[in-house]
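Chain residues, written in single-letter form:
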Amino acid sequence: MSRLISYDPLTRSAIGDVALTEAAQLPELLRQARLAQTAWAVLTLAQRQQQLRLAYQCLIPLQDDLAKLISREMGKDLRRAGYEVGGTIHSAAYLTAEVGAALASELIGPDTQIQYRPLGVVALISPWNYPLAMANNLLIPALMAGNSVILKPSEETPLVAQKFVDALNTVLPAGLLQIAHGDEKIGQALVQADINMIAFTGSMAAGKHIMANAAAGLKRLVMELGGNDPMIVMADADVDAAARFAVASSFENAGQMCTSTERIYVDAGIARQFEERVLAYARQYRVGPWDQPGVNIGPVVNPRQHQHVLQQLQDARAKGAQFLLGSDDYVLPYIQPTVVTGLTREMQLEQEETFGPVVAISHFQHIQEAIQRANESDYGLGAVVFGGAGAPEVAQQLEAGMVGINQGVGGAGGAPWVGAKHSGYGFHGSAAGHRQFAQVRVLSQ
Ligand code: NAD
């Protein structure tokens, strides 16, 4: 049987492997998934919640091992990987309760009830940048709704996914949660297989492909896609707070975050002061291996992604950008903290998702110019405005699913995680998001 090898992004040496799933194996996976789903669907929400909570307890003794595996497979520092594992374990308590409340039947009149019924088998396809959290966010609502799941994790992080699934499966009934390993080929085969829903987190390009492939079967889709988040810094912004946020948001997870700040439009009147503060914060970042204390930017996940970031930086330099920090000629496996100014519409850095530790700045004369540039994108995941009394009015004009005023996006726990335009289709989180994993049924008697 063919193997899928997982590579350490730091050394490119193999750290482990798993069995590659062939498309010919999918019918058997589906048969088991349907069998398990039929039994799971008759349980009450409270019973499903209880089993899931028990299953997630099996992750507790594995907490440190899972964190190390995340760091080894995709390069993020151990502290961040630890938060990801901790958050996943913690989610079993509150997220199962939240989904349970959202999916409880409701009486809306003396003879009419709204029910939230299982859909069947959910294909859950996930990315590598938060390999545990991104799978988990969609797994809990999918299972709580009474579905079974076939998880297709990223080919960059198969070991984390396998360890996670193996641990949960010591408690969950056989066949309820299965795994299909491989790259986009097995992803495509899964999308085309006899499943009922696709819950996807990944790039916009893959999302469009999945939508086209799912069309023939009119399969239910929830897709959380890429972003190219703008940040606007108004003349009356708290410059230090804006600069601190800009750097933290651009460099988080080595810039490999869907809602990282990708392009910054700053009022020309405060631009010099803003750039000085950005540089002061950016110089505090340390690049290195995941297990070295003080390191907060790890290696880039793979050579293709490294080349993607370099290509954007080289394009920006060729089109006139100035490098205030860093360069465009980094060698594998790192991209050093980079600050670029003179960003223009023509640059790939402005038009495309970068997914690297890059602060990209442009100066504006009039706020309408900044709003227009912020909105000139197919992406619409997050957007941020830093400013005084006029900031809410600017925020209202931004075309994004999540907008932060003088803070990051996302809001309080229980808010939906949602992209506008081509950054998403459907969404998760909140009662409305949880219900997308269920079939709504109206029962009148
Ligand atoms: P990707 O789209 O390349 O891959 C994601 C998953 O989809 C992988 O498992 C991959 O094998 C699979 N896949 C790829 N093409 C497919 C196809 N045609 N059919 C079926 N499956 C396919 O994304 P990635 O590089 O793993 O992750 C980074 C991307 O994910 C970025 O664009 C980032 O913004 C996005 N992302 C979005 C969110 C969000 O919540 N909106 C969260 C995290 C990451």
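Residues numbered from 1 in each chain as written. Predicted model: local features only at pLDDT ≥ 70, side-chain atom pairs only at ≥ 80, totals over all residues. Heavy atoms only, no water.

Observations regarding the UniProt feature "active site" (unreviewed entry) in the protein
Per the UniProt annotation, the sites labelled "active site" (unreviewed entry) are E224. Within the secondary structure, E224 is located in strand β9 (residues 220-224). Looking at E224, the relative accessible area reads 4%, which means it is buried. In contact with E224, other than residues within four places in its own chain, are F200, T201, G202, W417, V418, G419, S423, F427 and H428. (UniProt positions renumbered as here; feature names shortened; annotations may be inferred. Helix = DSSP H or I, 4+ residues; strand = E, 2+ residues; numbered from the N terminus. Buried < 20%, exposed > 50% of the residue type's maximum accessible area, 1.4 Å probe, protein only. Contact = heavy atoms within 4.5 Å.)

A word on the domain arrangement of the protein
Domain boundaries assigned for the protein yield domain 1 (3-225 + 421-444) and domain 2 (229-405). Taking only C-alpha atoms, the centre of domain 1 and the centre of domain 2 are 31 Å apart. Contact residues are listed per partner, giving 21 residues for domain 1 and 26 residues for domain 2. The contact between domain 1 and domain 2 buries some 2300 Å² in all, and 57% of this surface belongs to carbon and sulfur atoms. Our count for the domain 1 to domain 2 interface comes out at two salt bridges. (Domains from an automatic or database assignment. Buried area = accessible area lost by both parts, 1.4 Å probe. Salt bridge = Lys/Arg side-chain N within 4 Å of Asp/Glu carboxyl O.)

What about the sheet that holds strand β7 (residues 177-179)?
Strand order in the open sheet made by the six strands is β7-β6-β5-β8-β9-β17, with mixed pairing throughout. At either margin of the open sheet sits one strand with a lone partner, and together these are β7 and β17 (424-425). Across five bridges, the pairing between strand β8 (residues 197-201) and β9 is parallel. Across the sheet, residue I198 finds its bridge partner in β9, namely L221. Along the sheet face, helix α1 (residues 26-41) touches β5 (121-125), β6 (148-152) and β7 and points at about 145 degrees away from the line of β6. Helix α5 (residues 133-144) rests against β5, β6, β7 and β8 of the sheet, and its axis sits at about 165 degrees to β6. (Pairing = 2+ DSSP bridges. Axes fitted to C-alpha atoms, helices over the stretch in contact; angles between N-to-C directions.)

Focus on the sheet that holds strand β11 (residues 261-267)
With respect to topology, seven strands assemble into an open sheet ordered β12-β13-β14-β11-β10-β15-β16, the strand pairing being mixed. Across the chains shown, the open sheet's two edge strands, defined by having one partner strand only, are β12 (322-325) and β16 (402-405). Ignoring strand direction, the axes of neighbouring strands in this sheet form an average angle of 20 degrees. As paired elements, strand β13 (residues 338-341) and strand β14 (residues 358-364) share four bridges and run parallel to each other. Counterpart to V339 in the pairing with β14 is V359. Packed onto the sheet, helix α10 (residues 271-282) meets β10 (229-233), β11, β12, β13 and β14 and runs at close to 175 degrees relative to β14.

Here's the deal with the pattern of salt bridges
Scanning the entire structure with this criterion turns up 16 salt bridges. A salt bridge links R244 to D240; its shortest N-O distance comes to 3.2 Å. Placement of the pair is R244 and D240 together in helix α9 (residues 239-251), with a separation of four residues, close to one helical turn. According to the relative accessible area criterion, R244 is partly exposed, its value standing at 43%. For D240, a relative accessible area of 26% puts it in the partly exposed group. Here R317 makes a salt bridge to D328, at a shortest N to O gap of 2.9 Å.

A word on the side chain of S260
Its location among the elements puts S260 in the loop between α9 and β11. If sequence neighbours within four positions are ignored, S260 has contacts with D229, S249 and G255.

Regarding the side chain of R263
Structurally, R263 is set in strand β11. Of the buried charged residues, R263 lacks a salt bridge, with E350 as the closest side chain of opposite charge at 4.6 Å. Polar contacts involving the side chain of R263 include one to the main-chain carbonyl oxygen of R373, which spans 3.0 Å. The contacts of R263, once residues within four sequence positions are left out, are N228, D229, P230, M231, L343, E350, A360, R373, A374 and S377. (Lys, Arg positive; Asp, Glu negative; His and termini not counted. Polar contact = N/O pair within 3.5 Å; in protein donor to acceptor, adjacent residues only side chain to side chain.)

Structural notes on the environment of P289
Inspection of the secondary structure puts P289 in the loop between α10 and α11 (303-318). The class for P289 is buried, based on a relative accessible area of 18%. C-alpha of P289 to C-alpha of P9: the two residues are 280 residues apart in sequence and 9.6 Å apart in space. Ignoring sequence-local partners within four residues, the contact set of P289 consists of L10, V295 and Y334.

Looking at the nonpolar core
Judged by nonpolar contacts, the single largest core of 56 residues is most densely connected at Y56, L139, L168 and L172. When residues no more than four places from it in sequence are discounted, the contact partners of L139 are Y56, L124, V149, F164, L168 and L177. Counting residues in hydrophobic clusters, the runner-up holds 29 residues, among them V239, V278, Y281 and V359. (Core = buried A, V, L, I, M, F, W, Y, C linked by side-chain atoms within 4.5 Å.)

Concerning the packing of aromatic side chains
The geometry of an aromatic ring pair is captured by the separation of the ring centres together with the interplanar angle, meaning the angle of the planes. This model, assessed by the stated rule, comprises four aromatic pairs. Where Y56 meets F164, the ring centres are 6.1 Å apart and the plane angle is 80 degrees; that geometry is what we call edge-to-face. One end of the pair, Y56, is in helix α2 (residues 45-57); the other, F164, is in helix α6 (residues 158-168), and 108 residues separate them in sequence. Residue Y56 is classed as buried on the basis of its relative accessible area of 2%. Taking the centre distance of 5.4 Å and the plane angle of 35 degrees together, the rings of F245 and F386 count as tilted. Of this pair, F245 sits in helix α9 while F386 sits in strand β15 (residues 382-386), and the two are 141 residues apart along the sequence. F386 matches F245 in its accessibility class, with the two residues each being buried. Of note, R317 hangs over the ring of F323, and the distance from its end group to the ring centre comes to 4.2 Å. (Phe/Tyr/Trp six-rings, centres within 6.5 Å; stacked < 30°, edge-to-face > 60°. Lys NZ or Arg CZ within 6 Å of the ring centre and 35° of its normal.)

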